[in-house]
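The residues making up each chain are set out below.
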Amino acid sequence: MTNKLIMVSFFMAVIFGACKSGTNSGNSSQSAIDMIAEGEPKVAEVTGAPKVPAPVGNRGPKKWIVNLETTEMEGVIADSISYTFWTFNNTVPGSFIRVRVGDEVTLNLKNAANSVLPHNIDLHAVTGPGGGAAATTAAPGKEASFTFKAINPGLYVYHCAAPPVPMHIGNGMYGLILVEPAGGLPKVDKEYYIMQGDFYTKTSAAKKGLLEFDNDKAVAENPDYVLFNGKKGSLLGANMIEAKVGETVRLFVGNGGPNLTSSFHVIGEIFDNVYLEGGSQISHNIQTTMIPAGGSAIVEFKCDVPGEYVIVDHSLSRAFNKGAIGKLKVTGDANPKVFQAGGAVTKE
Amino acid sequence: MKVLILLQIAFVVLFYSCNKQNVKLDISAANESKLISNTIHSISSDVKMVYIPGGEYKPFYGSEYVLTKVAPFLVDERAVTNEEFLAFVKANPQWSKSNIKKIFADSTYLRDWQSDTELPKNAKPDAPICFVSWFAAKAYAQSVGKRLPTLDEWEFIAMADETSPNARAKPEYSSNITSLYLQKERQYYSVKQSKPNYWGVYNIFDLIWEWTDDFNSVLTTNDSRTGQYEDKDLFCAGSATSSTDVLNYAAFMRFALRVSVKANYTIANLGFRCAKDTSINNKK
């Protein structure tokens, strides 16, 4: 009898303690550290923009292997102009990584054999020295690896941190990693991945028609291009992102920089929810949200009226002159209660 | 009791070996390298050497106010080539692709060679040798009676452009080199096809990265010259705080490469040239 009593009271104390630690601490990173990632490590699905991997849903913490390859490659930056990009997985931005709090992630970074330079990765989602940069520094043709536990939920930038860092980032070496809270983010109908970057270019001496990084313009923070997803028109024409009337849209927006902050705005929409700076604070009814270089935001809105919605950096010269422009195409029935053109015509 | 002591000893040994594994590897490799060096057969080399008078210079990583002295030395006017390294391997088969001790080079040593004594298909005999480890570079240098240049010697030469011994203050100096570094697969070109620098040294920047004798010294702590900053953080903005010239992106790239390699690494665009001490003091 006494034994049972002791056991029960012990049990209650444990529960009480657990509750207390859950409610008292401003963040839940301690409890995330204690979460056990189940099972054998599996290779995580990663995606190029504007796609994102499937939501984590309500699964428990698991072990993942994320494979990234750093490359140096020529790609189209605008119209038919080429640029020497440096990338994670051959895309700018790099692959989108999606995990949940408590997940254990082994990040394998392979530097392509024909790279000229060493590269590494600093993930802002990592708690530890350099965000993994020193641990993952890989010479051309070599691989490096480290394992971290995702303990803070949020949308985080990752980037190469090999010196000179502004050049590695300026050439496109950044991406996003989403750490969902336990239970996952609320369900929405459409999710997209958009990342802004500023590009500083000059004509390559080695090859006609090729642009390359201009150090002086970068230091002056005077870019020739400010782009979504590393290419002028990456979200225009056939590449517009899409949704239907009545659907909710979530944009995972990052800003690689290296220098400019973004005044992120969707013309004709109001953000119902903004996860400020990609963290846990949710603000409502936002027109334009500030996204710092090396930072992010999650924006959500419901599509009520059909049409083409222009996505811009509302520091507008960048949108009109330097390429920071994209479109969301919303299809479906008109909703005159919300928007009706031609209401008050001047009578003769 | 005896068992306990034994256990304790075993534990201590285990602990020590875990902790010092990398260091031990380097030490034993260095020791073995010494042993092997006694058995290296000399080969002849007709590469022209250039006299560098040395002097004081400001290292890229270091204090703004402390200059480093570089003694006069001789340096090969160009990098060691494929055919020269082939001659070395023929005379020293222990350094061939199939015989090399694993401790001295990783799995990509002389990666594209067709056999122990055949260069890669389509390789130019006079293109710089690559996919060689620091150990192999050291062994080669010994076979021709030379050594690898020190990091300071190498960077001293690298301050020059075509017309001046120290071009670091010229804005185009770094940007020109950076442009070169952006181009891939330059290592397949022949040596001496571009103009030499002020000293008459060729291809310092345009073909390959080059091993230096103390390539990893940038990581050492308690550097006698620079005692005040032991923990050199080369990552992210940290690299800027300990550099004397934050706009010299080309130098950042070289140091980033040096930090990323180990002595047994072999890489597609990493080769070397040789240097030598000299007693001559004022020639040129």
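Before reading further, recall that the structure is shown in the block above.
Residues numbered from 1 in each chain as written. Chains lettered and ligands numbered in written order. Predicted model: local features only at pLDDT ≥ 70, side-chain atom pairs only at ≥ 80, totals over all residues. Heavy atoms only, no water.

Attention now moves to the packing of helix α5 (residues 151–158) of chain B against helix α8 (residues 249–260) of chain B. All names here are of chain B. At a minimum axis separation of 13 Å, α5 and α8 run at an interaxial angle of 160°. With respect to each other, α5 and α8 are oriented roughly antiparallel. The handedness of the crossing between α5 and α8 is right-handed. Taken together, the residues of α8 that come into contact with α5 (itself represented by Leu151, Trp154, Glu155 and Ala158) are Arg254, Phe255 and Arg258. Considering only residue class, the contact of α5 with α8 consists of 4 nonpolar, no polar and 3 charged. (Axes fitted to C-alpha atoms, helices over the stretch in contact; angles between N-to-C directions. Helix = DSSP H or I, 4+ residues; strand = E, 2+ residues; numbered from the N terminus. Parallel < 35°, antiparallel > 145°, perpendicular 65-115°, else oblique. Left-handed = near helix turned anticlockwise from the far one by under 90°. Contact = heavy atoms within 4.5 Å. Nonpolar A, V, L, I, M, F, W, Y, C, P; charged D, E, K, R; others polar.)

It is worth spelling out the pairing of strand β1 (residues 38–43) of chain A at this point. Residues and elements named next belong to chain A. β1 sits mainly on the outside: 0 of its 6 residues count as buried. Alignment of β1 against strand β2 (residues 62–78), held across 3 bridges, turns out to be parallel. Residue pairing in the sheet places glutamate 38 in a bridge with lysine 62 of β2. (Buried < 20%, exposed > 50% of the residue type's maximum accessible area, 1.4 Å probe, protein only. Pairing = 2+ DSSP bridges.)

Turning to a nonpolar patch on the surface, a few remarks are in order. A grouping of Val219(A), Val246(B) and Leu247(B) is seen on the molecular surface, where their side chains present a nonpolar patch of about 250 Å² in accessible area. Position of Val246(B) among the secondary structure elements: in the loop between α7 (238–241) and α8. For Val246(B), a relative accessible area of 42% corresponds to the partly exposed category. (Patch = residues over 30% accessible without salt bridge, like charges linked within 9 Å, V, L, I, M, F, W, Y side chains within 5 Å. Areas by Shrake-Rupley, 256 points an atom, 1.4 Å probe, with all protein chains shown as cover. Salt bridge = Lys/Arg side-chain N within 4 Å of Asp/Glu carboxyl O.)

Attention now goes to the packing of aromatic side chains. Residue and element names in this part refer to chain B. All told, the structure shown has 33 aromatic pairs over all chains when counted by the stated rule. For the ring pair phenylalanine 85 and phenylalanine 272, a centre distance of 6.4 Å and an interplane angle of 80° mean the geometry is edge-to-face. Within this pair, whereas phenylalanine 85 is found in helix α3 (residues 82–91), its partner phenylalanine 272 is found in the loop between β6 (270–271) and β7 (275–277), the two being separated by 187 residues in sequence. One exposure class covers both phenylalanine 85 and phenylalanine 272, and it is buried. Aromatic side chains tryptophan 211 and phenylalanine 215 sit 5.0 Å apart centroid to centroid with 70° between the ring planes, which places their arrangement in the edge-to-face category. (Phe/Tyr/Trp six-rings, centres within 6.5 Å; stacked < 30°, edge-to-face > 60°.)

What follows covers α5(B). Most of α5(B) is tucked away: 8 of the 8 residues are buried. Within the span of α5(B), buried status applies to Leu151(B), Asp152(B), Glu153(B), Trp154(B), Glu155(B), Phe156(B), Ile157(B) and Ala158(B).

The full count for this structure, using the stated rule, is 23 salt bridges over all chains. Put simply, Asp313(A) and Arg318(A) hold a salt bridge, and the shortest N to O gap is 2.7 Å. Just as Asp313(A) is buried, Arg318(A) falls in that class too. Across the pair Glu155(B) and Arg254(B) runs a salt bridge, and its minimum N-O distance is 2.8 Å. Taken together, the residues Glu155(B) in helix α5 and Arg254(B) in helix α8 connect sequence positions 99 residues apart. With relative accessibility at 7%, the residue Glu155(B) sits in the buried group. When its relative accessible area of 3% is taken as the criterion, Arg254(B) is described as buried. Overlapping salt bridges, with partners in common, bring together Arg98(A), Glu180(A), Glu191(A), Arg250(A) and Glu300(A) in one network.

What follows concerns the environment of Leu182(B). Note that Leu182(B) resides in the loop between α6 (171–181) and β5 (209–210). Among all residues touching Leu182(B), those that are not within four sequence positions of it are Thr84(A), Trp86(A), Met167(A), Asn171(A), Glu212(A) and Phe213(A).

On to the sheet that holds β7(B), then. Residue and element names in this part refer to chain B. Strand order in the open sheet formed by 3 strands is β1-β4-β7, with antiparallel pairing between adjacent strands. On the outer flanks of this sheet lie β1 (49–52) and β7, each paired with one strand and no other. Shown here is a sheet whose adjacent strand axes are inclined to one another by a mean of 25°, direction ignored. Across 3 bridges, the pairing between strand β4 (residues 73–76) and β7 is antiparallel. For phenylalanine 73, the partnering residue across the bridge sits in β7 and is aspartate 277.

Turning next to the pairing of β2(A). Two faces, one strand: in a regular strand the side chains alternate between the faces of the sheet. All names here are of chain A. Sheet topology note: the β2/strand β5 (residues 104–111) ladder contains 8 bridges and is parallel. Among the inter-strand pairings, asparagine 67 is bridged to a residue of β5, identified as asparagine 108. Across 8 bridges, β2 lies against strand β3 (residues 81–88) in antiparallel orientation. Bridging from a neighbouring strand, valine 76 pairs with serine 82 of β3. Hairpin connection between β2 and β3: a loop of 2 residues separates the two successive antiparallel strands, and aspartate 79 in this loop has a positive phi of roughly 45°.

Our next topic: the interface of chain B and chain A. Taken together, the 30 residues of chain B in the interface contact 32 residues of chain A. Buried area between chain B and chain A, summed over both chains or domains, comes out near 2500 Å², and the portion from carbon and sulfur atoms is 67%. Run the count over chain B and chain A and you get 1 salt bridge. A salt bridge links Lys142(A) to Asp106(B); the nearest nitrogen and oxygen atoms lie 2.5 Å apart. (Buried area = accessible area lost by both parts, 1.4 Å probe.)

Phi is mostly negative for residues that are not glycine, and the peptide bonds are mostly trans. Omega for the bond connecting Pro163(A) with Pro164(A) falls within 30 degrees of zero, at -5°, which places this linkage in the cis form. Relative to the assigned elements, Pro164(A) resides in the loop between β8 (154–159) and α4 (165–170). Each neighbour pair has its own omega, and for Gly257(A) with Pro258(A) the value is 15°, a cis peptide bond. The residue Pro258(A) is located in the loop between β15 (248–257) and β16 (262–266) in this model. At Glu221(A), a position not held by glycine, the phi torsion is positive, near 55°. Assignment of secondary structure puts Glu221(A) in the loop between α5 (215–219) and β13 (225–228). Judged by its relative accessible area of 45%, Glu221(A) is partly exposed. The phi dihedral of Phe131(B) falls on the positive side, at around 55°, and the residue is not glycine.

Here we come to the side chain of Asp161(B). All names here are of chain B. Inspection of the secondary structure assignment puts aspartate 161 in the loop between α5 and α6. A polar contact of 2.7 Å, which involves the side chain of aspartate 161, links it to the side chain of lysine 170. With near-sequence residues (within four places) excluded, aspartate 161 lies in contact with Ala167, Lys170, Asn197 and Tyr198. (Polar contact = N/O pair within 3.5 Å; in protein donor to acceptor, adjacent residues only side chain to side chain.)

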